[in-house]
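This is what each chain is made of:
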Amino acid sequence: AQTVTQSQPEMSVQEAETVTLSCTYDTSESNYYLFWYKQPPSRQMILVIRQEAYKQQNATENRFSVNFQKAAKSFSLKISDSQLGDTAMYFCAFMPNFGNEKLTFGTGTRLTIIP
Amino acid sequence: TAGITQAPTSQILAAGRSMTLRCTQDMRHNAMYWYRQDLGLGLRLIHYSNTAGTTGKGEVPDGYSVSRANTDDFPLTLASAVPSQTSVYFCASSEQGGGNQPQHFGDGTRLSIL
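I will try to describe carefully the structure that is included in this document. (Residues numbered from 1 in each chain as written. Chains lettered and ligands numbered in written order. Predicted model: local features only at pLDDT ≥ 70, side-chain atom pairs only at ≥ 80, totals over all residues. Heavy atoms only, no water.)

**A look at the overall build of chain A**
Inference 1: When helices and strands are counted, chain A shows 0 helices and 12 strands.
Inference 2: Helices and strands appear in chain A in the N-to-C order β-β-β-β-β-β-β-β-β-β-β-β.
Inference 3: Relative to its length of 115 residues, chain A is compact, with a C-alpha radius of gyration of 14 Å against a globular reference of 13 Å.
Inference 4: Taking contacts inside chain A between residues at least 6 apart in sequence as the whole, the part at least 24 apart equals 54%.
Inference 5: In the form shown here, chain A has an accessible surface area of approximately 5500 Å², with 45% of it arising from carbon and sulfur atoms.
Inference 6: Of the charged side chains in chain A, 10 are positive and 10 negative; the average position of the first set lies 4 Å away from that of the second. (Helix = DSSP H or I, 4+ residues; strand = E, 2+ residues; numbered from the N terminus. Rg over C-alpha atoms; globule rule 2.2 N^0.38 Å. Contact = heavy atoms within 4.5 Å. Areas by Shrake-Rupley, 256 points an atom, 1.4 Å probe, with all protein chains shown as cover. Lys, Arg positive; Asp, Glu negative; His and termini not counted. Charge placed at Lys NZ, Arg CZ, Asp CG, Glu CD.)

Take a look at the structure:
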């Protein structure tokens, strides 16, 4: 069974600064996908970024980038030039590539951007 | 684009009563999912369906049932609600099952069992 751990329940950062959210996971699979989802106060779950484990290059989406360390089973999210609209819960999630439809989520990190 | 529509938005239900949460998607996605979100536990998969006519159990299926009569609809039924089923329920869909297809989520249903 896979597990996903987010060790930072809450974080806060000044607007325009950079913040990194941590995520580690445990799996015996060699091929899998990792995701970061954002959940603002509106409750909607929004996909932020996705990483394929077989790709060594870290995924990037505008101000969002990841630091994927496969050997260490670490998948952190970096938000650059943080904006007030980035205030949300952030969930890290894992899914094996084949044979299992289960998306396993971490418990989330509540991020607050301070004006 | 509507995407995924969940109904109701919120509901208060007496323990022992039955309830069906509705989920409809207009993206013609083959795979659909139901999750519950509880404070401190993240989202946990209840049931899923890879294609119309098939369903599977997730991590926490007990007390819930689903059906997938067609591609668009994936209702979740609580036959006899208990207080521990108080939660926020999310429906999601993806083009196919598997991690190469990201899941898209509805806005959730907040359900309180008294």
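So much for the structure itself; the text now carries on.
**Some points on the nonpolar core**
Inference 1: One finds Tyr-25, Trp-36, Phe-75, Leu-77 and Tyr-90 of chain A to be the most contacted residues of the largest nonpolar core, which totals 25 residues.
Inference 2: Counting residues per element, the ones that place at least two in this core are strand E3 (19-21), strand E5 (32-39), strand E6 (46-52), strand E8 (64-69), strand E9 (74-79), strand E10 (88-96) and strand E12 (109-114) of chain A.
Inference 3: The greatest single-element share of this core, amounting to 4 residues, is contributed by E10 of chain A.
Inference 4: If you look at the next biggest cluster of nonpolar residues, it comprises 20 residues, including Tyr-33 and Met-45 of chain A together with Tyr-35 and Leu-43 of chain B. (Core = buried A, V, L, I, M, F, W, Y, C linked by side-chain atoms within 4.5 Å. Buried < 20%, exposed > 50% of the residue type's maximum accessible area, 1.4 Å probe, protein only.)

**Section: the state of the cysteines**
Should the sulfur atoms of two cysteines be covalently bonded, the bond is a disulfide.
Residue and element names in this part refer to chain A.
Inference 1: In total, this model carries 2 disulfides over all chains according to the counting rule given.
Inference 2: Across the disulfide, Cys-23 is cross-linked to Cys-92 (sulfur-sulfur distance 2.0 Å). Its S-S torsion of about -70° marks the bond between Cys-23 and Cys-92 as left-handed, since a negative value means left-handed. In this pair, Cys-23 sits in the loop between E3 and strand E4 (24-26) while Cys-92 sits in strand E10, placing the two residues 69 residues apart along the sequence. (Disulfide = S-S within 2.5 Å.)

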